[in-house]
Amino acid sequence: MSSRAPRIEFAVGAFLLLALASLLVLALASTNGKFGFGGDHYEITARFTNLGPLRANAPVKIGGVAIGHVSGITLDPVKLDSVVTLAIDDRYSDLPADTSAAILTSGLLGESYVGLQPGGDPEPLKEGDAIFLTQSSVDLIQMVGKYMFSGGPDNGGNAAGADEAPASDVPAYLQESDPASPTE
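Keep in mind the model is a prediction, meaning the values are calculated, not measured. (Residues numbered from 1 in each chain as written. Predicted model: local features only at pLDDT ≥ 70, side-chain atom pairs only at ≥ 80, totals over all residues. Heavy atoms only, no water.)

Student: Teacher, can you tell me more about the overall build of the chain here?
Tutor: Looking only at helices and strands, the chain has two helices and eight strands in total. Listed by position from the N terminus, the elements making up the chain come as α-β-β-β-β-β-β-β-β-α. Each of the 184 residues in the chain was classed as buried or not, and the buried ones make up 22%. The contacts of the chain with a sequence gap of at least 6 include a subset with a gap of at least 24, amounting to 62%. (Helix = DSSP H or I, 4+ residues; strand = E, 2+ residues; numbered from the N terminus. Buried < 20%, exposed > 50% of the residue type's maximum accessible area, 1.4 Å probe, protein only. Contact = heavy atoms within 4.5 Å.)

Structure below.
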């Protein structure tokens, strides 16, 4: 029995080392090789009216290539817009100042990400700058609902569109005044 004990101890030790090595690999993979020392990115902001399922740490991409991540999402208490902070890698410090941002989805039900479209301005974005040209997220459920219940001519609705209500249903203060009538 004493001759088998060193083999078992060796096997248990090897298994333990393998488990520790796999935990180390998992830890490195979850941090994407970055250990929080920072300094290799700059932050810019963008305002959106609807974020959809966008979350912090979502990728920021140009042409499908990840160039950064969403580092924070806050609500502007005055304008009630969502302010998204984007951490862009320093390698991409020459993004034009007229770059536009849109919240996109990978596939039909995939993850949301911020897609950037560079403009032609020779002046680059700098730390703390804001992207002014933005496109909010498209709500897929709302879009399907509008399509299904649009009330088109084949569906029994009015031909002018489902969003128009009869004049009697619209409150007086929302009805347009007659453009032909003189104003005093």
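Student: Any chance you could explain the pattern of salt bridges here in plain terms?
Tutor: Pairing of side chains with opposite charge becomes possible as their charged atoms draw close. Evaluation of the coordinates by the stated rule reveals three salt bridges. Note that D76 is salt-bridged to R47, the shortest N-O span being 2.8 Å. Taken together, the residues span a long stretch of sequence, with D76 in the loop between β3 (65–75) and β4 (82–89) and R47 in strand β1 (residues 41–48) at a distance of 29 residues. Relative accessible area serves as the criterion here: at 12%, D76 is assigned to the buried category. With a relative accessible area of 34%, R47 lands in the partly exposed category. Taking the shortest distance from any N to any O, the salt bridge between K126 and E123 comes out at 3.5 Å. Relative accessible area serves as the criterion here: at 44%, K126 is assigned to the partly exposed category. Among the residues examined, E123 registers a relative accessible area of 42% and is labelled partly exposed. (Salt bridge = Lys/Arg side-chain N within 4 Å of Asp/Glu carboxyl O.)

Student: Teacher, can you tell me more about the layout of surface pockets here?
Tutor: With a probe scaled to a water molecule rolled over the atoms, the places where space remains empty come into view. Estimates place the volume of the largest pocket at around 220 Å³. Forming the boundary of the largest pocket are 14 residues, of which T105, L108, S137, V138 and L140 lie nearest the centre. Per-element tally for the lining of the largest pocket: the top contributor is strand β5 (residues 100–105), with three residues. Of the residues belonging to the lining of the largest pocket, the class tally is seven nonpolar, six polar and one charged. (1 Å grid on protein atoms, 1.4 Å probe; cavity = no way out; pocket = protein on both sides within 12 Å on 5 of 7 lines; lining within 4 Å. Points joined across faces, edges and corners; volume = space filled by probe spheres on them. Nonpolar A, V, L, I, M, F, W, Y, C, P; charged D, E, K, R; others polar.)

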